[in-house]
Amino acid sequence: MATNKKEAFRQYLEAAGVLDTITKILVSLYEEPERPKNALDYIKGLLGGPTPAEFDALKQEKEDLKQQLESTKKQLEDLQAKGASSDAAAPSLEATS
């Protein structure tokens, strides 16, 4: 029964193109004239994943954007509060005219 399950999984991987992709990546790694220092990073790069440096840069960018968003939200709240106080003061000015 376990053999049937393994065979079904292998067929699934083959049908999805996973086996071909993994084979091509391993062949590419094998054919590299100089072995990469980090084979896993090399494989991730071939699969389209970010390198560790790119990942760190993306994390930093995310944090910067979160801070920028919070700052923008605060500015919006301040402007809305000023607008509300201006609207409240405007009728009293018109009444005195």
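Quick look at the overall build of the protein chain now. When its secondary structure is counted, the protein chain shows four helices and zero strands. Helices and strands appear in the protein chain in the N-to-C order α-α-α-α. The buried share of the protein chain, reckoned over its 97 residues, is 4%. Surface exposure of the protein chain reaches about 8,600 Å², of which carbon and sulfur atoms provide 59%.

Moving on to the confidence of the model for the protein chain. Of all residues in the protein chain, 90% attain a pLDDT of 70 or more, and the chain-wide mean is 88. Of all secondary-structure elements in the protein chain, the lowest mean pLDDT belongs to helix α4 (residues 52–96), at 86, while helix α2 (residues 18–31) reaches the highest, 95.

In the contact formed by α2 and helix α3 (residues 39–47), the axes pass within 10 Å of each other and the chain directions differ by 130°. One element, α2, and the other, α3, form an angle in the oblique class. Crossing handedness for the pair α2 and α3: right-handed. For the pair α2 and α3, contact is made by Thr21, Ile25, Ser28 and Leu29 and by Ala39, Tyr42, Ile43, Leu46 and Leu47, respectively. Within the contact of α2 with α3, the residues separate by chemical class into seven nonpolar, two polar and no charged.

The rules we used
Residues numbered from 1 in each chain as written. Predicted model: local features only at pLDDT ≥ 70, side-chain atom pairs only at ≥ 80, totals over all residues. Heavy atoms only, no water. Helix = DSSP H or I, 4+ residues; strand = E, 2+ residues; numbered from the N terminus. Buried < 20%, exposed > 50% of the residue type's maximum accessible area, 1.4 Å probe, protein only. Areas by Shrake-Rupley, 256 points an atom, 1.4 Å probe, with all protein chains shown as cover. pLDDT = per-residue confidence, 0-100. Axes fitted to C-alpha atoms, helices over the stretch in contact; angles between N-to-C directions. Parallel < 35°, antiparallel > 145°, perpendicular 65-115°, else oblique. Left-handed = near helix turned anticlockwise from the far one by under 90°. Contact = heavy atoms within 4.5 Å. Nonpolar A, V, L, I, M, F, W, Y, C, P; charged D, E, K, R; others polar.

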